[in-house]
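# Examination of the molecular architecture
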Amino acid sequence: MKTEHLDLRRLNDSDDCEHHKAQDAKLNRLMEVLRSKKKIVVIAGAGISVAAGIPDFRSSTGLFNTLRSQHKLKASGKHLFDASVYRNDSSTSSFHDMVRELSHLTQKAKPTSFHHMLATLAEEGRLMRLYTQNVDGIDTALQPLATKVPLNPKGPWPKTIQLHGGLEKMVCTKCGHLSDFDGALFEGPEPPLCKECETTDAVRMAGGLRSHGVGRLRPRMVLYNEFNPDEDAIGAVSAADLKARPDAVIVVGTSLKVPGIRRLAKEMCSVTRDRRGGFTAWINHDPEPLGIEFKDCWDMVVRGECDDVARLVGLPRWDDKDCGEYSVVDRGEKIEKHYPKVVLKTQGILTPTDTPREQSPTPKLKQSALSFGPLKPAPEMDLKVKKKPGRKPLPSKPTKLANKITSNFTSTKSAQPTTKPSDVAVGRSGDTSLFPSLAKTPTTPMRSVSPFDTRNNSDKMHFKSEDVPKSSRIAVEVPAYKRQETISPKGRLPSGMAKLLS
């Protein structure tokens, strides 16, 4: 973030064309902001009333310096704006003289050009809030900048918020009764008595009740080191304005020495610069305040008279009804009164894009017409958004896994054999349909064994194989570990075996 510097005093005195060219661009930006922004917040100090004849506080000709010499004070004239002025008669008398003289000046003062510019902003509805530290009441005397005393704690709030009260009202310290300020009552060291308290006390005494006392009157202005009666309401309205996010903040005619005003200006500028197109400006004779808290706080620092700024902006006065109707247009906004807006539709793939461009009914195209024929209106997009299928819900109970190969199979009544008994030949060495592995490893041919063999019977009965019918013979496979093999060569019988076989 960069801060631009504009010195109106040097601009008026300089004849350098290059300097004027550079400064005019900054001046045009400031004038454009005050002419176009719609949510402007102004934090004003005593500097905006100097041209009206009201002295400020801290300058060389301000009240702090003149009151010291006028009332022969030991310290600065700031002491007369402190709550301790009521501690002794001498300071109270000096305070009453100062208030009476200041009230006389405000009654003769007339609003300045800057006051009228603020009233015009409020009349147009572009002034969000005016936070003023002035007690002269020049700004609140204009109808668009009127305020309420006391300030209501809840909205809606007036356009002008008096941060330090004002001299147009006086208040009783006991009953809180408000009335118009009368400077003639404030003479001498004794504060004037409250008429309302006197009437109420007289009624009580006539009724035989004890007296509650009579209050004293004082100007309804906030002094240093005392409680502000509108403190809660000011906090509520400032919080609402911060939430609304103004688009421009102008800090003018104040030195920001008061901690509360310093914090308010810092927060307003911070919120405004964070938004897109926000603008903050410092307008004063003195340079901007220094410190880490005000780093990157200003978009523009203007050194010069605030009335010169108002005259350069050139807004009509709020009470001038002969200027005719006019509208405030933001930069880049186009006004089309006689030609309707036409949205060009192009044919192509429907994809999410920016808003179609708006052109006049007969746009001037730089590119020559294409030979693909006239453009067809684009098909209407289906605004219904297809919902993506969601995830399937998890089962409430875990499903039972299927039997693995290593699992044991159980027989059921409904189970049926996969092959017919007739398709399997028991004892056939050439059949590999049931045991395919038998075809891979060579096996010894099986021989027929009779159940009537004498080797298997203990009764020593001898039967010949020819005596058993063929239909009764059963082929039995002898396990390999029970076979009794010979070492005789194949095809030849050992000697003596012929007799046994016969």
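Residues numbered from 1 in each chain as written. Predicted model: local features only at pLDDT ≥ 70, side-chain atom pairs only at ≥ 80, totals over all residues. Heavy atoms only, no water.

### Observations concerning the overall build of the protein chain
Of the regular secondary structure elements, the protein chain holds 10 helices and 12 strands. Put simply, the protein chain has 502 residues, and 31% of those count as buried. Long-range pairs, those at least 24 residues apart, make up 65% of the contacts in the protein chain with a sequence separation of at least 6. (Helix = DSSP H or I, 4+ residues; strand = E, 2+ residues; numbered from the N terminus. Buried < 20%, exposed > 50% of the residue type's maximum accessible area, 1.4 Å probe, protein only. Contact = heavy atoms within 4.5 Å.)

### Let's talk about the side chain of Asp230
By the element assignment, Asp230 lies in the loop between β7 (217–221) and α7 (231–244). In this structure the side chain of Asp230 is engaged in a polar contact, spanning 3.5 Å, whose partner is the backbone nitrogen of Leu151. Apart from the residues within four sequence positions on either side, Asp230 is in contact with Pro150, Leu151 and Arg220. (Polar contact = N/O pair within 3.5 Å; in protein donor to acceptor, adjacent residues only side chain to side chain.)

### Examining the pattern of salt bridges
Taken as a whole and assessed by the stated rule, the structure comprises 13 salt bridges. With a shortest N-O distance of 3.8 Å, Arg216 and Glu190 are connected by a salt bridge. Of the two residues, Arg216 is situated in the loop between α6 (195–206) and β7 and Glu190 in the loop between β6 (178–180) and α6; the sequence distance between them amounts to 26 residues. (Salt bridge = Lys/Arg side-chain N within 4 Å of Asp/Glu carboxyl O.)

### Description of the UniProt feature "active site" (unreviewed entry) in the protein chain
Sites flagged by UniProt as "active site" (unreviewed entry) map to His164. The residue His164 is located in the loop between β4 (160–162) and β5 (165–172) in this model. Excluding residues that lie within four positions of it along the chain, His164 makes contacts with Thr132, Gln133, Val135, Met221, Val222, Val258 and Ile261. (UniProt positions renumbered as here; feature names shortened; annotations may be inferred.)

### Some points on the sheet that holds β4
With parallel pairing, the 7 strands of this open sheet are ordered in space as β1-β10-β9-β8-β2-β3-β4. The open sheet has two free edges, formed respectively by β1 (4–7) and β4, since each of these has just one partner strand. Across the sheet, the mean angle from the axis of one strand to that of its neighbour is 15 degrees, orientation sign disregarded. Sheet strands touched by helix α5 (residues 113–124): β2 (40–44), β3 (127–132) and β8 (248–252). Its angle to β3, the strand with the most contacts, is close to 145 degrees. Packing against the sheet, helix α8 (residues 259–274) makes contact with β2, β3, β8 and β9 (279–284), and its axis sits at approximately 150 degrees to β8. (Pairing = 2+ DSSP bridges. Axes fitted to C-alpha atoms, helices over the stretch in contact; angles between N-to-C directions.)

### So, the environment of Asn28
When you line up the elements, Asn28 lands in helix α2 (residues 17–36). Sequence separation between Asn28 and Val313 is 285 residues, and the spatial gap between their C-alpha atoms is 9.1 Å.

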